[in-house]
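# Close look at the chain arrangement
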Amino acid sequence: MKKIITAGLAILLVAGVFFTGGVQAPATLSAAAAVEEADYRLTTKGEGIVMVTPDIAYINIGVETEDADASSAQAENAALMTKVEAAIAKAGVDKEDMKTLNYSIYKSYNYVGDNEREEVYRVSNTLKVTVRDLDGLGSLIDAASKSGANQINSIEFTVENQDAYYQEALVLAMDNAKGKAEAILGTMNKTVSMPVSITETSYGGPIMRSTDTIMFSAKMESASYATPITAGDIEVSANVTVEYDYGK
């Protein structure tokens, strides 16, 4: 009787081994299939570029004065800046498009000789001006300079509706990535299917182009020529990484 029981236990143990193995087999096959599937993926990078004509410019216009007396330097600066603001407004810029960017008073020194120096106070007041009529930008600079501005240190060109241009560039980037995939898979008689992964690798930051720094002085008050300013086009770019599954 004991021999029969022992034999029965042995059969159950063997059956248990085979049963457990039967459960694990599908998981092993699924992992292998996933690896094999990943081997049939194609990744391409796409770039889209849109050339845009700017419709807005930002320019910093300021007045710097100096005097041995701080109050006198401040008073002179205030009088000149009032004239500059009036000239900018007369050139067609709205009051809300003129913002104070910087105002400072600091002590400095003018060196007269090798060992001589005179103490002065410098007052600087700078406006950030938004210009919407780019055709009149050169005339605005001349008007500001002739009215007393002696610090014009940057011009930045941009567009008002930035998102629309960036999205247009994204469409071109996707077309570019798909075209590359079609060219590659065409050599294997394969067609491009719906992407399995799309990554936007650009971030659509501010669309802006800056000019070189320019400076103007009071000597330009008597200038009879107009300052030529050419905006030029701005390049808006977008980049994507696209992954395709092209099967076996």
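Please refer to the structure higher up on the page.
Residues numbered from 1 in each chain as written. Predicted model: local features only at pLDDT ≥ 70, side-chain atom pairs only at ≥ 80, totals over all residues. Heavy atoms only, no water.

Moving on to the sheet that holds strand E5 (residues 151-158). Overall, antiparallel pairing links the 5 strands, which are arranged E3-E4-E2-E5-E7 in an open sheet. Single-partner strands in this sheet number two, and they are strand E3 (98-111) and strand E7 (208-210). For this sheet, the mean inter-axis angle between neighbouring strands, taken without regard to orientation, is 20 degrees. (Pairing = 2+ DSSP bridges. Helix = DSSP H or I, 4+ residues; strand = E, 2+ residues; numbered from the N terminus. Axes fitted to C-alpha atoms, helices over the stretch in contact; angles between N-to-C directions.)

This paragraph deals with the pattern of salt bridges. Counting across every chain of the model gives 6 salt bridges. Between Arg 122 and Glu 66 there is a salt bridge; the shortest N-O distance is 3.0 Å. Here Arg 122 is found in strand E4 (residues 117-131), whereas its partner Glu 66 is found in strand E2 (residues 56-67), with 56 residues between them in sequence. In this structure Arg 122 comes out as buried when scored by relative accessible area, which is 13%. Classification of Glu 66 by relative accessible area gives partly exposed; the value is 35%. In this structure, Arg 132 and Asp 97 form a salt bridge, with 3.1 Å as the shortest nitrogen-oxygen distance. Of this pair, Arg 132 sits in the loop between E4 and helix H3 (137-146) while Asp 97 sits in the loop between helix H2 (70-90) and E3, placing them 35 residues apart in sequence. Here Arg 132 falls in the partly exposed class, since its relative accessible area comes to 46%. Judged by its relative accessible area of 9%, Asp 97 falls in the buried class. Bridged by salt links that share partners, the residues Asp 97, Arg 132 and Glu 160 form one connected network. (Salt bridge = Lys/Arg side-chain N within 4 Å of Asp/Glu carboxyl O. Buried < 20%, exposed > 50% of the residue type's maximum accessible area, 1.4 Å probe, protein only.)

Now for the packing of aromatic side chains. One pass over the structure, following the stated rule, counts 1 aromatic pair. Between the aromatic rings of Tyr 40 and Tyr 246, the centroid separation amounts to 5.9 Å while the plane-to-plane angle is 75 degrees, which identifies the pairing as edge-to-face. Taken together, the residues span a long stretch of sequence, with Tyr 40 in the loop between helix H1 (2-38) and strand E1 (41-52) and Tyr 246 in the segment after strand E8 (234-245) at a distance of 206 residues. Accessibility expressed as a relative area gives 26% for Tyr 40, which makes it partly exposed. Positioned over the ring face of Tyr 58 is Lys 128, at 5.0 Å from the centre of the ring. (Phe/Tyr/Trp six-rings, centres within 6.5 Å; stacked < 30°, edge-to-face > 60°. Lys NZ or Arg CZ within 6 Å of the ring centre and 35° of its normal.)

This brings us to the pairing of E5. With 6 bridges joining them, E2 and E5 adopt antiparallel strand pairing. Across the sheet, the residue bridging to Ala 57 is Phe 157, located in E5. One ladder, built from 3 bridges, connects E5 with E7; its direction is antiparallel. Bridge pairing in E7 places Thr 158 opposite Met 208.

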